[in-house]
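Secondary and tertiary structure notes
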Amino acid sequence: MEFIEAYQSAYLRFADAQLWDKTPLNLYHPIHYITEAAGKRIRPVLTLMACEAFSKEYNQALPFSYAVEIFHNFTLMHDDIMDHAEKRRGLPSAHIQYGLPQAILSGDVMMIYAFTYLLNIENKEMANIAARFFSEIAIGVCEGQQLDMDFESQAQVSIDDYIQMITLKTSILLGASLQLGALAGGAGQDVQRQLFVFGKYIGIAFQIHDDILDVFGEVNKTGKKHAGDIINSKKTYLYLKSLELCTPEQREKLIRYYTSESVDIHEKIEYVTGIYKELAVLEYANLLKEAYLQLGKSHLQSLSVDNQVITNLEKLADYLIERDY
């Protein structure tokens, strides 16, 4: 997507100049390791795009964009620890590369730096608004992560429960990226909120698509371990919809395969994937993510802002649920 390259380049120039003079090196090396990996960097791009929609100069939002991205990478670092994930973006996870204690501590300081960059802007009133708002978002993300872990051992989880979990864990950070950019660009509170809601619904579609890629994506493109959600017994939409559609006999066997620790991993993946295909849950998942995409776009289209940035936000939303990595 050529239209986001300028934002990505601006963000990378800013990010590449941060934290390099800090010591001890063992604390900061894992931070550079995970932030320099070839991620999509969608969140900082959204922040800069939202700022430009209401201001001619998006560089003023660079500290906010860095705060959002370093916080996001903190969550990934700790998420990989909790999920025992060995790969991230095609590379060994930070705790594999540097050790568990180091990854925990480096993740902690990344979270602190997120608030440091929110507060270190000239407009102190805006900085305080941003920090208070982001505090609520950060708490929500942690609540979502806890729900995700709780669901692994929880017998009864509904699709509504799943949507609430991914809203907190994933989508509100996308919404926050947009709201912070709009704040930096001088947009009013109502407009900021509409952009947040747009991002929230796009984030739900984004996560459903991630769940699809985990099972049906190509490992050499996703950079993650194949079927990690199945291995870790994650209550994804694919699994929950299968429980809703399957026969009583299929349900009993699916639950047994999904929750038993004694089942061979390869056999588990093969059986669960087979059920997904038999019940056509991929098609249901695609319909649901498309519904959330259109719901998100409706909030974007309600804005009384007519410029190319808004059009490009729609294009970016389309890309997020069509990507293959």
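Everything below is about the structure printed above this text.
Below is a short write-up of the structure. Only a predicted model underlies this, so the values are computations on that prediction, with no experimental measurement involved.

1. Section: helix α14 (residues 265-279)
Since the α-helix turns once every 3.6 residues, residues separated by three or four places project in the same direction. In this model α14 runs 21 Å from its N-terminal to its C-terminal C-alpha over 15 residues, within 8% of the 21 Å that 1.5 Å per residue would give. Inspection of α14 places Lys268, Ile269, Tyr271, Val272, Thr273, Ile275, Tyr276 and Leu279 among the buried residues, and these make up the whole buried set. For α14, the elements touching its buried residues are α9 (189-216), α11 (228-231), α12 (237-245), α13 (248-259) and α15 (281-301). The opening residue of α14, the one whose side-chain oxygen lies 3.1 Å from the backbone nitrogen of histidine 266, is aspartate 264. Just downstream of α14, alanine 280 is the residue with a positive phi angle, here 55°.

2. Quick word on the packing of aromatic side chains
Across all of its chains, the model carries 16 aromatic pairs by this definition. Here the aromatic rings of tyrosine 162 and tyrosine 237 are separated by 6.5 Å at their centres, their planes lie at 45°, and the arrangement is tilted. Of this pair, tyrosine 162 sits in helix α8 (residues 159-184) while tyrosine 237 sits in helix α12, and the two are 75 residues apart along the sequence. The pair tyrosine 162 / tyrosine 237 is uniform in exposure class, with both members buried. Looking at lysine 268, its charged tip hangs above the ring of tyrosine 258, at a distance of 5.3 Å from the centre.

3. Overview of helix α6 (residues 100-119)
Over its 20 residues, α6 extends 30 Å from the first C-alpha to the last, a length consistent with the 28 Å expected when each residue adds 1.5 Å. Along α6, the residues that are buried comprise Ala103, Ser106, Gly107, Val109, Met110, Tyr113, Ala114, Phe115, Tyr117 and Leu118. Contact partners of the buried residues in α6: α1 (5-15), α2 (25-36), α4 (62-83), α5 (94-98), α7 (124-153) and α8.

4. What about the environment of glutamate 143?
Looking at the element boundaries, glutamate 143 is found in helix α7. On the basis of relative accessible area, glutamate 143 is assigned to the partly exposed category, the value being 44%. Considered as a pair, glutamate 143 and phenylalanine 198 are 55 residues apart in the sequence and their alpha carbons are 21 Å apart.

5. Digging into the nonpolar core
If you look at the biggest cluster of nonpolar residues, it comprises 111 residues, and the most contacted ones within it are Phe64, Phe134, Ile137, Leu180, Tyr276 and Leu313. In terms of residues, this core owes the most to one element, α8, which gives 14 residues. Here leucine 313 is in contact with Leu46, Met49, Leu178, Leu195, Phe198 and Leu300, once residues within four sequence places are set aside.

Each value, and the rule that gives it
Residues numbered from 1 in each chain as written. Predicted model: local features only at pLDDT ≥ 70, side-chain atom pairs only at ≥ 80, totals over all residues. Heavy atoms only, no water. Helix = DSSP H or I, 4+ residues; strand = E, 2+ residues; numbered from the N terminus. Expected span 1.5 Å × (residues − 1). Buried < 20%, exposed > 50% of the residue type's maximum accessible area, 1.4 Å probe, protein only. Contact = heavy atoms within 4.5 Å. Polar contact = N/O pair within 3.5 Å; in protein donor to acceptor, adjacent residues only side chain to side chain. Phe/Tyr/Trp six-rings, centres within 6.5 Å; stacked < 30°, edge-to-face > 60°. Lys NZ or Arg CZ within 6 Å of the ring centre and 35° of its normal. Core = buried A, V, L, I, M, F, W, Y, C linked by side-chain atoms within 4.5 Å.

Distances and angles like these do not, on their own, reveal function.
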